[in-house]
Amino acid sequence: MAADGAADTQLMLGVGLIEKDTNGEVLWVWCYPSTTATLRNLLLRKCCLTDENRLLHPFVFGQYRRTWFYITTVEVPDSSVLKKVTHFSIVLTAKDFNPEKYAAFTRILCRLYLKHGSPVKMMESYIAVLTKGICQSEENGSFLSKDFDARKAYLAGSIKDIVSQFGMETVILHTALMLKKRIVVYHPKIEAVQEFTRTLPALVWHRQDWTILHSYMHLDADELEALQLCPGYIAGFVDSEVSNRSDLYDVFVNLADSEITIAPHAKEAMTMGKLHKEIGHLIVQSAEDPEKSDSQVIQDISLKTKEIFTNLAPFSEASGDEGRRVLNLEALKQRRFPPATENFLYHLAAAEQMLEI
């Protein structure tokens, strides 16, 4: 079993500790192993202790250049051995997307630090999970890595909630994801942004790709530079200023006002037609069925998506030695689909790298 757990645990990259002292100063206190100055500054920015508005966010997560970060923050009670510290954050970095797993583990690390006031016990638990996939203690709770399946993390959000908020407009999000477009989501509350954005990749379940998710972004140069290297993404912001940055998005979701806007430059690729209406109706119908769970709704959307790829298949042909499928544009045009459907299939082929260069 240990070997089994260890394979899974090679996903963790590091652990760190940030403290806010009684003078209101926020300091990066300790980490294992070492980290870069860039990542350290990013994590200090993400941890709510450096925030002006003093709102405590118990748990936040996000991604920066393929490194996931998970931050749990607690207030120090008077009874704790930590006398000069008012709050602290435990930061975990990892290669995988699994908020529930790392929230559970960082909570245990927080309890250890509150009790012992030294990073030593935290480091022992971190190494135990890193090597064996498990850490156990009577009073601080046990943690078993393999209890947290990646698939469970993918299915943790609610597609039904998204559809109940946006109805037929959900098809805009589905289309944008299918075409690997850039989606920016804004809401003043980070918890709302994270819950919404983490669910969106499930609309294109056939890819099972959560690397497109950047659930907690700031408008800082290094973060935006990293983001713009990604061909398509879902990026979450709590700064309303992002609405003026149309260079960052093809589709803008104002979650607070329940509004979805397609940027002018993306309108041609995102033209909606009969096919989209059909997909929209299917999404709404499935999501509104009280008998269906979220995973059944995802399955329904996924089947419809497969159908679209099946429609595209006759217009593709093998190219070169690798057997890569390439779109035969002439064959697609001869089929005389409605313009919006032909346009969508063409852009979908482009997103799937099926166009001859």
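None of the values given here were measured: they were computed from a predicted structure.

**Concerning the sheet that holds strand β4 (residues 67–75)**
Thinking step 1. Across the sheet, which stays open at both edges, the five strands sit in the order β2-β1-β5-β4-β3 with antiparallel pairing between neighbours. The open sheet terminates on both sides in strands that have one partner only, identified here as β2 (26–32) and β3 (59–64). Across the sheet, the mean angle from the axis of one strand to that of its neighbour is 20°, orientation sign disregarded.
Thinking step 2. Pairing between strand β1 (residues 12–21) and β2: six bridges, direction antiparallel. Across the sheet, residue Val15 finds its bridge partner in β2, namely Tyr32.
Thinking step 3. Across the face of the sheet, helix α2 (residues 37–46) comes into contact with β1, β2, β3, β4 and β5 (85–94) while running at roughly 45° to β4.

**Focus: the packing of aromatic side chains**
Thinking step 1. A complete count under the given rule lists 18 aromatic pairs for this structure.
Thinking step 2. Centroid distance Phe88 to Tyr113: 5.0 Å. Interplanar angle 85°. Geometry classified as edge-to-face. Placement of Phe88 in strand β5 and of Tyr113 in helix α3 (residues 99–116) is noted, with a sequence separation of 25 residues between them.
Thinking step 3. A relative accessible area of 0% places Phe88 in the buried class.

**Description of helix α4 (residues 119–132)**
Thinking step 1. Helix length check: α4, at 14 residues, gives a terminal C-alpha distance of 20 Å against a target of 20 Å (1.5 Å per residue), a fit within 8%.
Thinking step 2. With a side-chain oxygen positioned 3.1 Å from the backbone nitrogen of Val120, the residue opening α4 is Ser118.
Thinking step 3. At the C-terminal side of α4, Gly133 shows a positive phi close to 80°.

**A look at unusual backbone geometry**
Most peptide bonds take the trans configuration, and most residues that are not glycine carry a negative phi.
Thinking step 1. Across the junction of Tyr32 and Pro33, the peptide omega takes the value -20°, indicating a cis bond.
Thinking step 2. Tracing the sequence through the fold places Pro33 in the loop between β2 and α2.
Thinking step 3. Positive phi, normally seen in glycine, also occurs at Gln353, with a value near 55°.
Thinking step 4. Examined against the element boundaries, Gln353 turns out to sit in the segment after α13 (339–351).

**What to know about the environment of Val74**
Thinking step 1. Looking at the element boundaries, Val74 is found in strand β4.
Thinking step 2. For the pair Val74 and Glu19, spaced 55 residues apart in the sequence, the C-alpha separation amounts to 9.9 Å.

**Observations regarding the nonpolar core**
Soluble globular proteins tend to pack their nonpolar side chains together in the buried interior.
Thinking step 1. Phe88, Leu200, Val251 and Val253 are the most contacted members of the largest nonpolar core, which totals 82 residues.
Thinking step 2. Per-element tally for this core: the top contributor is α3, with eight residues.
Thinking step 3. With residues near it in sequence (within four places) discarded, Val253 still touches Phe166, Leu173, Ile183, Val184, Val185, Tyr186, Phe196, Glu259 and Ile260.
Thinking step 4. Counting residues in each nonpolar core, the second largest holds 17 residues, with Leu39, Cys47, Ile190 and Ala226 among its members.

**Observations concerning the pairing of strand β10 (residues 233–237)**
Thinking step 1. Across the five residues of β10, five count as buried, placing the element largely inside the fold.
Thinking step 2. Across the two faces of β10 the burial is the same, with Tyr233, Ala235 and Phe237 and Ile234 and Gly236 all buried.
Thinking step 3. Two elements, strand β8 (residues 182–186) and β10, share five bridges in a ladder whose sense is parallel. By the bridge assignment, Ile183 is partnered in β10 with Ile234.
Thinking step 4. Bridge count for strand β9 (residues 213–217) against β10 is three bridges, and the pairing is parallel. Bridging from a neighbouring strand, Met217 pairs with Phe237 of β10.
Thinking step 5. Read from β9 through helix α9 (residues 221–227) to β10, the crossover connection turns out right-handed.

**A look at the packing of helix α10 (residues 274–288) against helix α11 (residues 294–312)**
Thinking step 1. Relative orientation of the contacting elements α10 and α11 amounts to 160°, with a least axis distance of 9 Å. With respect to each other, α10 and α11 are oriented roughly antiparallel. With respect to the hand of their crossing, α10 and α11 are arranged in right-handed fashion. From α10, Glu278, Ile279, Leu282, Ile283, Ser286 and Ala287 reach across to α11, where they touch Val297, Asp300, Ile301, Lys304 and Ile308.
Thinking step 2. Tallied by class, residues from the contact of α10 with α11 come to seven nonpolar, one polar and three charged.

**Overview of the confidence of the model for the protein**
Thinking step 1. Per-residue confidence for the protein gives a mean pLDDT of 93; residues scoring 70 or more make up 96%.
Thinking step 2. The low-confidence segment residues 1–7, where pLDDT is below 50, has nine contacts with residues more than four positions distant or belonging to other chains.

About the cut-offs
- Residues numbered from 1 in each chain as written.
- Predicted model: local features only at pLDDT ≥ 70, side-chain atom pairs only at ≥ 80, totals over all residues.
- Heavy atoms only, no water.
- Pairing = 2+ DSSP bridges.
- Helix = DSSP H or I, 4+ residues; strand = E, 2+ residues; numbered from the N terminus.
- Axes fitted to C-alpha atoms, helices over the stretch in contact; angles between N-to-C directions.
- Contact = heavy atoms within 4.5 Å.
- Phe/Tyr/Trp six-rings, centres within 6.5 Å; stacked < 30°, edge-to-face > 60°.
- Buried < 20%, exposed > 50% of the residue type's maximum accessible area, 1.4 Å probe, protein only.
- Expected span 1.5 Å × (residues − 1).
- Polar contact = N/O pair within 3.5 Å; in protein donor to acceptor, adjacent residues only side chain to side chain.
- Core = buried A, V, L, I, M, F, W, Y, C linked by side-chain atoms within 4.5 Å.
- Right-handed = clockwise from strand over helix to strand, strands pointing away.
- Parallel < 35°, antiparallel > 145°, perpendicular 65-115°, else oblique.
- Left-handed = near helix turned anticlockwise from the far one by under 90°.
- Nonpolar A, V, L, I, M, F, W, Y, C, P; charged D, E, K, R; others polar.
- pLDDT = per-residue confidence, 0-100.

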